[in-house]
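# Fold and contact review
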Amino acid sequence: MSNKLWPKKKITWLFDVIGSGTTPPASNEMYYNSPDMAWLNTGDLKDSYIKKTSKHVSQQALDEFSALTVFPKDSLVMAMYGATIGKLGITKYETTTNQACCVLSKPREIITKFIFYWLMGHRAEIINLSQGGGQPNISQGIIRNIRIAVPPVELQNKIVNFIDKKFEETNQLIDKKEKMINLLEQQRQSIITEAVTKGLNPNVKMKDSGVEWIGEIPEHWEVKKVKHFANHVGSGKTPSGGSEVYLDEGVPFLRSLNVHFDGIRLKDLAFISEETNAEMKSSQVNPLDILLNITGASIGRTAIVPKDFGRANVNQHVCIIRLNQKKVYPFYFNMLMSSDVINQQIWFAQNGSSREGLNFVQVKELIFAIPPTLEEQREINKWVFNKQKAIFNLTSTVKEQIEKLKEYRQSLIYEAVTGKIEVSEMELDEVR
């Protein structure tokens, strides 16, 4: 049966229940102190089955908030806005949700997973339907009115089985390449840590550093802290008006997503006006400043501001470390900040005090061993740079391969759910 003959139906005709949820006030712990009911957030949506949620709500919350609808197992969920817009999941148990999730339940003569794949294959088009400026929003109304060409149920099943098989094959390849990237990062960390604790001369006389996690160091090296080399340690803030003040051009506004070990990335770069930049004078960056992420999942990630980068500012999640360049070579210091010597201290600062971020006092107190001369610092940095360059190049190649596999997977899903790929009997036999 040609896809041209598949009847087109709105999503609102395909499910008996389409709804969302709400967020009880976080100030009342009684709403969240019990595992009575799973409470789904958009961050739980990973384009797969949802086997657990990061949060739960209590029976008291269910009793007091009628908007906390309990949706049945095998419901299809889509993120309607935010960083995860368009992300999907299928629940494996009863759950409630927050207001950013749209839930489709109780299907009518359709396979839920077929719709799951159809929405995934058309994600870019659906996001283009979104409304709003600073934060795009897919409303329930938009989702309800999406029209889908629906094949017979038997063919839906065959298409789902076909995609499942291809999806698994592609995901296995992606997983292998992601593991390779992790191994490369471990190798890079090992090279840096060895260089910034032992130096390059294997015959140099060693001494006890007096610091457990540093161990022995060359006899002529010194144990220092960030505060011994920094003229300034500070960060920026979110401008008044939040993300609504971001512009398409102006002064670059660096956020934690722009700060990476291989340098400052300009993808998703935000801009602020000259007026906003002037108001945030203390967080304007200088050439060769060290940028350190001090909150969130990327905490500890560092980058150095290139000499020719030009003007820029930072938000509150990025710490500026401005160095006395007569005492330390900035590129060596940036490399040092990405070593396990520093990462372990950041980890302990996080887990030992239950904090969600580093403060400036903690940054200033980070401790390490260092050669006393700029000449030796430059020599070590040059050696490590050449080693890192090869690793970064290989990592970049593997990441490109992953992106191509994801593009292939997306294209395959789109063509299968729209009937552009004819699911042959041979392929179906392989699936069976």
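The numbering scheme is per chain: residues are counted from 1 as the chain's sequence reads. Totals for whole chains, interfaces and linings use all residues, but because this is a predicted model, local features are given only for residues with pLDDT of at least 70 and pairs of side-chain atoms are given and counted only at 80 or more. Based on all heavy atoms of the structure, the side-chain values leave hydrogens and waters out of the count.

## Observations regarding unusual backbone geometry
For clarity, the threshold we go by: Segments assigned H or I by DSSP are reported as helices when at least four residues long, segments assigned E as strands when at least two residues long, and all are numbered from the N terminus. Working definition: with a 1.4 Å probe on protein chains only, accessible area under 20% of the residue-type maximum means buried, over 50% means exposed, and in between means partly exposed.
The backbone of Asp 74 sits at a positive phi, close to 70°, despite the residue not being glycine. Among the secondary structure elements, Asp 74 is positioned in the loop between α2 (59-64) and β6 (76-79). Of note, Glu 109 is a non-glycine position whose phi angle comes to about 55°, a positive value. Considering the arrangement of structural elements, one finds Glu 109 in the loop between β9 (101-107) and α3 (112-121). The class for Glu 109 is exposed, based on a relative accessible area of 68%.

## Topic: α3
For α3, the buried fraction is high: 10 of the 10 residues fall into the buried class. Turning to α3, its buried residues are Thr 112, Lys 113, Phe 114, Ile 115, Phe 116, Tyr 117, Trp 118, Leu 119, Met 120 and Gly 121.

## Re the pattern of salt bridges
What counts, and what does not: Salt bridge, as used here: a side-chain nitrogen of Lys or Arg that lies within 4 Å of a carboxyl oxygen of Asp or Glu.
Taken as a whole, this structure holds 13 salt bridges when the rule is applied. Across the pair Lys 87 and Asp 47 runs a salt bridge, and its minimum N-O distance is 3.3 Å. One end of the pair, Lys 87, is in the loop between β6 and β7 (88-91); the other, Asp 47, is in the loop between β3 (37-40) and β4 (48-50), and 40 residues separate them in sequence. Two residues, Arg 265 and Asp 262, come together in a salt bridge whose shortest N-O distance is 3.2 Å. When its relative accessible area of 31% is taken as the criterion, Arg 265 is described as partly exposed.

## Description of the environment of Gln 345
Applied cut-off: Should any heavy atoms of two residues lie within 4.5 Å, those residues are counted as being in contact.
Checked against the element boundaries, Gln 345 lands in helix α9 (residues 340-353). Between the C-alpha atoms of Gln 345 and Gly 300, which are 45 residues apart in sequence, the distance is 9.7 Å. Not counting residues within four places of it along the chain, the set of residues in contact with Gln 345 comprises Trp 213, Glu 365, Leu 366 and Ile 367.

## Some words on the layout of surface pockets
Counted only if it meets this: The way it works is a 1 Å grid over only the protein atoms, where trapped points that fit a 1.4 Å probe form a cavity and open points with protein on both sides within 12 Å along at least five of seven lines form a pocket, and then any residue with an atom within 4 Å of a point lines it. Grid points are joined across faces, edges and corners, and a volume is the space filled by probe spheres set on the points. Only Asp, Glu, Lys and Arg are considered charged in this grouping, and only Ala, Val, Leu, Ile, Met, Phe, Trp, Tyr, Cys and Pro are considered nonpolar; every other residue, Gly among them, is considered polar.
Of the volumes computed, that of the largest pocket is approximately 1,600 Å³. Along its surface, the largest pocket is lined by 33 residues, and His 260, Arg 265, Lys 399, Glu 403 and Lys 406 are the ones closest to its centre. Among the elements of the structure, α6 (153-198) and α11 (374-417) are those that each provide at least two residues to the lining of the largest pocket. Looking at the lining of the largest pocket residue by residue, the class counts come to nine nonpolar, six polar and 18 charged.

## As for the side chain of Ser 105
The condition that has to hold: Definition of a polar contact: a pair of N or O atoms within 3.5 Å, with one able to donate and the other able to accept a hydrogen when the atoms are protein atoms, and with sequence-neighbouring residues admitted only if both atoms are side-chain atoms.
Looking at where Ser 105 falls in the secondary structure, it is placed in strand β9. Residue classification places Ser 105 among the buried residues on the basis of a relative accessible area of 1%. Here the side chain of Ser 105 touches Ser 75 through a polar contact of 2.6 Å, side chain to side chain. Excluding anything up to four places from it in sequence, Ser 105 contacts Phe 15, Asp 16, Val 17, Phe 71, Pro 72 and Ser 75.

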